[in-house]
Amino acid sequence: MDNEEIEAIKLHVAGATVRHVPPFDDLKPFTNDFELTQDFIDKWVIPFYRNIGHTDHKWVNKLTSVKQGITPDIIQKNLGDFNWRTRQTGAFFSAITNQTQFIDIIGTHLLKSEVCYAGRVYCQVLASFNLSKCVDYLNLYLDYYLLQPNLWFDQRDAMEGILYLDKLNSTSYYDKHINNWTEFIKNKPYGDKEVTTDNLEKQLAIIETVKKYAS
């Protein structure tokens, strides 16, 4: 096995399962210039990444018990690692600790879509922060990725996010995307045209519960 094959396997494991070139070359994704230690991964990644999306009390208790120990440095190290597990964990940590300074990193990661699985969490976090730049990132994502029928990524999650923020902010961005969404979803497996915010709101309720908790 040559070096190129080894690197391809590493990328696949990290979540880079689809190679594509989005038109966001001017946006430089934040990446670490070092490898995370196994101790860091064992403490700040493995216990969390598989549980993001849960809504039970055990999960909430786990998050509130560690919230005070989640520093900006921990979030940045997670977001800068080229792996879906670390990136979605870092994004989620930024939401529950209300670290809005990471919005541009998260938004850029969403637009570049370098790894799978993390996009759903990015969309939830942007919806949670609900700042104007969060809306901009979701709109930019939909403007491009709804016109890419071969890239079945996180379009539904972004649509849910923009619909939810429309409800909060009395805006109508969702309407701008609905025709492209209808075309995009045609002939897709599990292609339910209806977009709802029910699950998103459950996830945001968890984020808000932990965010308001003070140890």
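Look up: the structure comes first, before these words.
Residues numbered from 1 in each chain as written. Predicted model: local features only at pLDDT ≥ 70, side-chain atom pairs only at ≥ 80, totals over all residues. Heavy atoms only, no water.

Help me understand the environment of P47 in this model?
Of note, P47 is situated in the loop between α2 (38-44) and α3 (57-66). Residues in contact with P47, not counting those within four places in the same chain, are I41, D42, W59 and K62. (Helix = DSSP H or I, 4+ residues; strand = E, 2+ residues; numbered from the N terminus. Contact = heavy atoms within 4.5 Å.)

Sorry, what's going on with the pattern of salt bridges here?
Opposite charge on two side chains allows them to pair when their charged atoms are near. Applying the stated criterion to the full structure yields seven salt bridges. Among the ionic pairs, K77 bridges to D73, the shortest N-O distance being 3.2 Å. One end of the pair, K77, and the other, D73, are both in helix α4 (residues 72-80), four residues apart, so they sit about a helical turn from each other. Residue class for K77 comes out partly exposed when judged on its relative accessible area of 25%. Residue classification places D73 among the partly exposed residues on the basis of a relative accessible area of 42%. (Salt bridge = Lys/Arg side-chain N within 4 Å of Asp/Glu carboxyl O. Buried < 20%, exposed > 50% of the residue type's maximum accessible area, 1.4 Å probe, protein only.)

Would you take a moment to explain the side chain of D157 for this structure?
Considering the arrangement of structural elements, one finds D157 in helix α9 (residues 155-169). Taking relative accessible area as the criterion, D157 reaches 11% and is therefore assigned buried. With near-sequence residues (within four places) excluded, D157 lies in contact with R120 and C123.

Help me understand unusual backbone geometry in this model?
Backbone phi values are negative for most residues with the exception of glycine, while trans is the configuration of most peptide bonds. Even without being glycine, N130 reaches a positive phi, approximately 50 degrees. Among the secondary structure elements, N130 is positioned in the loop between α7 (118-129) and α8 (132-145). Taking the relative accessible area as the measure of exposure, N130 reaches 24% and is therefore partly exposed. One non-glycine residue, S170, lies in the positive phi region at around 55 degrees. Note that S170 resides in the loop between α9 and α10 (173-185). Residue classification places S170 among the exposed residues on the basis of a relative accessible area of 70%.

How should I be thinking about the side chain of Q99 in this particular structure?
Tracing the backbone shows Q99 in the loop between α5 (84-96) and α6 (103-112). Aside from chain neighbours lying at most four places away, what touches Q99 is P72, I75, S94 and F129.

Just checking my understanding: could you explain α5 for this structure?
Spacing of three or four residues puts side chains on the same side of an α-helix, whose turn is 3.6 residues. For α5, spanning 13 residues, the distance from its first C-alpha to its last is 18 Å, which sits close to the expected 18 Å at 1.5 Å a residue. Of all 13 residues in α5, 12 are buried; the element is thus mostly enclosed. Three or more residues of α5 are buried, namely W84, T86, R87, Q88, T89, G90, A91, F92, F93, S94, A95 and I96. Near the N-terminus of α5, the side chain that reaches the backbone nitrogen of R85, with its oxygen 2.8 Å away, is that of N83. Of the residues one or two after α5, N98 is the one with positive phi, at around 60 degrees. (Expected span 1.5 Å × (residues − 1). Polar contact = N/O pair within 3.5 Å; in protein donor to acceptor, adjacent residues only side chain to side chain.)

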